[in-house]
Amino acid sequence: MGTKKRPNIIFILIDDMGWTDVGCFGSSFYETPNIDKLAHAGILYPNAYAASPVCSPSRASVITGKYPLNVGITNWIGAGLEVGNVIGLDNNGELGNQERTLPSVLHENGYQTWHVGKWHLGDAEESLPQSNGFDVNIGGCAWGHPKNGYFSPYEIPN
């Protein structure tokens, strides 16, 4: 009997991207040949929806598999306002590391897990990617956007 090869998994989460902002979903304006090749070689999910209209709750939901309310992150971290928040409920300022996360499960099953890019789920050590199942963290910190602009060098702390 041969050993069954596990599939590679690449999950891309992008803030503020419309569903037709890439060629594989119908854009005739944006040219995204590399994303299109990756999409056509893998699986597309044309009917997937975000758990929240803002970044931190959506990210917390994806990584834990829970609704934002069940994770306690109902607005973007650092918002300080109840606009878009579940009014009257606390918005945890951190993800922490008490939740079982998708990267942790993948790691336990022999996958190497990487986080590359925006994190925005807290800045305490236990809230960072490496405390939530990622073996490698490139660029993931508490920031919701690069404080020094969108052009290199970004001067991200990690």
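Here is what the cut-offs are and how they apply
Residues numbered from 1 in each chain as written. Predicted model: local features only at pLDDT ≥ 70, side-chain atom pairs only at ≥ 80, totals over all residues. Heavy atoms only, no water. 1 Å grid on protein atoms, 1.4 Å probe; cavity = no way out; pocket = protein on both sides within 12 Å on 5 of 7 lines; lining within 4 Å. Points joined across faces, edges and corners; volume = space filled by probe spheres on them. Nonpolar A, V, L, I, M, F, W, Y, C, P; charged D, E, K, R; others polar. pLDDT = per-residue confidence, 0-100. Helix = DSSP H or I, 4+ residues; strand = E, 2+ residues; numbered from the N terminus. Salt bridge = Lys/Arg side-chain N within 4 Å of Asp/Glu carboxyl O. Buried < 20%, exposed > 50% of the residue type's maximum accessible area, 1.4 Å probe, protein only. Contact = heavy atoms within 4.5 Å. Phe/Tyr/Trp six-rings, centres within 6.5 Å; stacked < 30°, edge-to-face > 60°. Lys NZ or Arg CZ within 6 Å of the ring centre and 35° of its normal.

1. Regarding the layout of surface pockets
- Of the volumes computed, that of the second largest pocket is approximately 250 Å³.
- For the second largest pocket, the full set of lining residues is G117, K118, W119, G139, C141, W143, G144, H145, P146, Y150, Y154 and I156.
- The residue inventory of the lining of the second largest pocket, partitioned by class, reads seven nonpolar, four polar and one charged.

2. Let's talk about the confidence of the model for the protein
- The predicted model of the protein averages 84 in pLDDT, with 90% of residues at 70 or higher.
- Mean pLDDT per element in the protein: helix 3 (residues 68-71) is the minimum at 88, and helix 4 (residues 102-108) is the maximum at 95.

3. Brief notes about the pattern of salt bridges
- This structure, assessed with the given rule, holds two salt bridges.
- E99 is paired through a salt bridge with K66; the nearest N and O atoms lie 2.6 Å apart. Of this pair, E99 sits in the loop between helix 3 and helix 4 while K66 is found in the loop between helix 2 (55-64) and helix 3, placing the two residues 33 residues apart along the sequence.
- Owing to a relative accessible area of 34%, K66 belongs among the partly exposed residues under this scheme.
- Across the pair R100 and E108 runs a salt bridge, and its minimum N-O distance is 3.0 Å.
- Overall, R100 belongs to the exposed group, its relative accessible area being 53%.

4. Here we look at the environment of T74
- Within the element layout of this structure, T74 appears in the loop between helix 3 and helix 4.
- For the pair T74 and P57, spaced 17 residues apart in the sequence, the C-alpha separation amounts to 5.4 Å.

5. Some points on the side chain of S61
- Relative to the assigned elements, S61 resides in helix 2.
- With residues near it in sequence (within four places) discarded, S61 still touches A51, K66, Y67 and P68.

6. Brief notes about helix 2
- Judged by how many residues are buried, helix 2 sits mostly within the fold: nine of 10 residues are covered.
- Buried residues of helix 2: C55, S56, P57, S58, R59, A60, S61, I63 and T64, and no others.
- Along its buried surface, helix 2 packs onto helix 3 and helix 4.

7. Focus on the packing of aromatic side chains
- The tally for this structure, following the rule as stated, stands at two aromatic pairs.
- Their ring planes at 85° and their centres at 4.9 Å tell us that F29 and Y30 sit as a pair that is edge-to-face.
- Residue F29 is classed as exposed on the basis of its relative accessible area of 65%.
- Taking the relative accessible area as the measure of exposure, Y30 reaches 42% and is therefore partly exposed.
- Centroid distance W119 to F134: 6.0 Å. Interplanar angle 90°. Geometry classified as edge-to-face. Placement of W119 in the loop between strand 1 (114-116) and strand 2 (136-138) and of F134 in the loop between strand 1 and strand 2 is noted, with a sequence separation of 15 residues between them. The pair W119 / F134 is uniform in exposure class, with both members buried.
- For R6, the ring lying beneath its charged end belongs to Y111, and the centroid distance is 4.7 Å.

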